[in-house]
Amino acid sequence: MKDIYILAIESSCDETSMSIIKNGSVEIATVVLSQIDIHKNYGGVVPEIASRNHIENITIVLEELLQKANMKTENITAIAVTYGPGLIGSLLIGVQAAKTISLVTGKPLIPVHHIAGHIYANNLEKRLSFPLIALVVSGGHTELVYMNEDYSFKKIGGTLDDAVGECYDKVAKVIGLEYPGGPKVDKLAHLGKNTYNLPYPLNDNSYNFSFSGIKSAVINLVHNEKQKGNTINKENLCTSFQDRITTVLVKKTINALKEYNVNNLIVAGGVSANIGLRERLEEECKKNNINLSFPRLSYCTDNAAMIGAAAYYAYKKGIIADQTLTAKAVDNLYNQKFI
Ligand code: KG4
Ligand code: ZN
């Protein structure tokens, strides 16, 4: 069979990234240009600034990618792009770039849902085995997804309010840690003790999650202690917070694996880099004979390599877009309608 080379673009938030992926799993080259240093001055991503930077970066990233891969656009089979969900202004730059390259080269255009990309970041490590359950934990999503074959996604539960990464970032901000706070909370969590009395968020038998309550509990605790003139032990607060979050995520994931009789678990999204979550899942999966997969650390957060991997399987299913493709700030992974 002829090799399929996909040139993928990801620009849904504050990373301008492009990658060339062969046959859904072999990375030829990837470039990720992060804007974190710009946005951290504002305590979070400023959408308008993000899209302006994508405009400036996108052609630079393309040139660097082709040079790194030692390839020309003529050698590419298809162009893939994250069309959503994400920041609309940021998405539009990637979508316009992809449509332009597709138009100029005459190569097909593959629309990729951002979360499908995060899931397929695991395919760059090891071919996915089905059926599987994916625990999707990012700055915008927290979901349990069932897949019985490639590019077939069934949601079995999800957050009712905040995403887990968003909750990490808010907690980090209230204790004075720089954006993005998730990794910093994770680091401190390994240095402290589980001393603070925080709630276990939506610790029931459903597969849904809720993080706004624990976020408010941390904010109130910090404010109350400040008013009393007490100092917060940041390490202990991070340890206690991470314990509550990982306890509930791991419990519900293992329950879902058992109920659906699945023994393959993949973890996806920015929070899959969390060391506490990795350790707890490793322990539980070992106990329950479950095959566990994480993306490599550099591909837990946003990148185009994962989009190129997902796009290969979308392409095989005939998911193709034309020049009417538009960016979508909000979109459902579970009813892909491009066929
Ligand atoms: O997947 P991602 O790059 O963007 C979205 O699609 O949302 O995820 C970014 C999120 C941020 O909220 C960041 O704080 C969080 O992932 N994150 C972490 C860790 N590394 C990244 N959260 C907790 N622990 C980490 N080690
Ligand atoms: Zn993401």
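Preceding block: the structure.
Definitions and limits used
- Residues numbered from 1 in each chain as written.
- Chains lettered and ligands numbered in written order.
- Predicted model: local features only at pLDDT ≥ 70, side-chain atom pairs only at ≥ 80, totals over all residues.
- Heavy atoms only, no water.
- Near = heavy atom within 4 Å.
- Polar contact = N/O pair within 3.5 Å; in protein donor to acceptor, adjacent residues only side chain to side chain.
- Areas by Shrake-Rupley, 256 points an atom, 1.4 Å probe, with all protein chains shown as cover.
- Helix = DSSP H or I, 4+ residues; strand = E, 2+ residues; numbered from the N terminus.
- Nonpolar A, V, L, I, M, F, W, Y, C, P; charged D, E, K, R; others polar.
- Core = buried A, V, L, I, M, F, W, Y, C linked by side-chain atoms within 4.5 Å.
- Buried < 20%, exposed > 50% of the residue type's maximum accessible area, 1.4 Å probe, protein only.
- Contact = heavy atoms within 4.5 Å.
- Phe/Tyr/Trp six-rings, centres within 6.5 Å; stacked < 30°, edge-to-face > 60°.
- Lys NZ or Arg CZ within 6 Å of the ring centre and 35° of its normal.
- Pairing = 2+ DSSP bridges.
- Axes fitted to C-alpha atoms, helices over the stretch in contact; angles between N-to-C directions.
- Right-handed = clockwise from strand over helix to strand, strands pointing away.

> Looking at this structure, I do not really get the site of ligand 1. What am I missing?
Around ligand 1, the surrounding shell holds 18 residues, and the nearest of these are His-118, Gly-139, Asp-169, Gly-270 and Asn-274. His-114 places a polar side-chain atom, nitrogen or oxygen, 3.0 Å from an oxygen atom of ligand 1. His-118 is positioned such that a nitrogen or oxygen atom in its side chain is 2.9 Å from an oxygen atom of ligand 1. Isolated, ligand 1 exposes 550 Å² of accessible area, and the fraction of that covered by the protein chains is 88%. Of all the secondary-structure elements, those providing two or more residues to the shell around ligand 1 are helix 4 (114-120), helix 5 (164-174) and helix 6 (182-189). For the shell around ligand 1, the per-class residue count stands at 4 nonpolar, 11 polar and 3 charged.

> Help me understand the nonpolar core, please; the structure alone is not making it clear to me.
One broad rule of soluble globular proteins: the nonpolar side chains tend to lie buried together. Counting 46 residues, the largest nonpolar core has Ile-133, Leu-237, Phe-241 and Leu-249 as the members making the most contacts within it. Within the residue set of this core, elements represented by two or more residues are strand 6 (132-137), strand 7 (142-147), helix 5, helix 6, helix 7 (212-227), helix 8 (234-259), strand 9 (264-268) and helix 9 (275-287). It is helix 8 that contributes the most residues to this core, 10 residues altogether. Those residues in contact with Leu-249 that lie beyond four places of it in its chain are Leu-135, Val-137, Thr-142, Val-164, Phe-209, Phe-211 and Leu-277. By size, the runner-up hydrophobic cluster in this structure holds 37 residues, among which are Tyr-151, Ala-305, Ala-314 and Leu-333.

> Even after reading the chapter, I still don't get the packing of aromatic side chains, so can you show me in this structure?
The geometry of an aromatic ring pair comes down to the distance between the two centres and the angle between the two planes. In total, this model carries 8 aromatic pairs according to the counting rule given. Here the aromatic cluster, defined as three or more aromatic residues joined through ring pairs, consists of Tyr-120, Tyr-151, Phe-153, Tyr-312 and Tyr-313. A cation sits over an aromatic face here: Arg-244 above Tyr-200, 4.9 Å from the ring centre. Just above the ring of Phe-294 sits the side chain of Arg-278; from NZ or CZ to the centre is 4.3 Å.

> Help me understand the sheet that holds strand 9 in this model?
Across a sheet, paired strands are connected by hydrogen bonds in the backbone, their directions being either parallel or antiparallel. The strand order across the open sheet formed by 5 strands is 8-7-6-9-10, and the pairing between neighbours is mixed. The open sheet is flanked by strand 8 (154-158) and strand 10 (291-293), the only strands paired with a single partner. Sheet twist, expressed as the average angle between the axes of neighbouring strands with direction ignored, equals 20°. Taken together, the 3 bridges between strand 9 and strand 10 define a ladder with parallel strand orientation. Following the sheet pairing, Leu-265 is matched in strand 10 by Leu-292.

> Is there a simple way to explain the side chain of Asn-122 in this structure?
Along the chain, Asn-122 falls in the loop between helix 4 and strand 6. On the accessibility criterion, Asn-122 (0% relative accessible area) is buried. Among the polar contacts listed, one links the side chain of Asn-122 to the backbone oxygen of Val-267, at a separation of 3.0 Å. Every residue in contact with Asn-122, bar those within four places of it in the chain, is listed here: Leu-128, Ile-266, Val-267, Ala-268, Ser-293, Phe-294 and Pro-295.

> How should I be thinking about the pairing of strand 9 in this particular structure?
Regular strands place their side chains on alternate faces of the sheet. Among the 5 residues of strand 9, 5 are classified as buried, and the element is accordingly described as predominantly covered. Judged by which residues are buried, strand 9 turns out to be covered on both faces: Asn-264, Ile-266 and Ala-268 on one side and Leu-265 and Val-267 on the other are all buried. Between the parallel pair strand 9 and strand 10, the chain is carried across by helix 9, and the sense of this crossover is right-handed.

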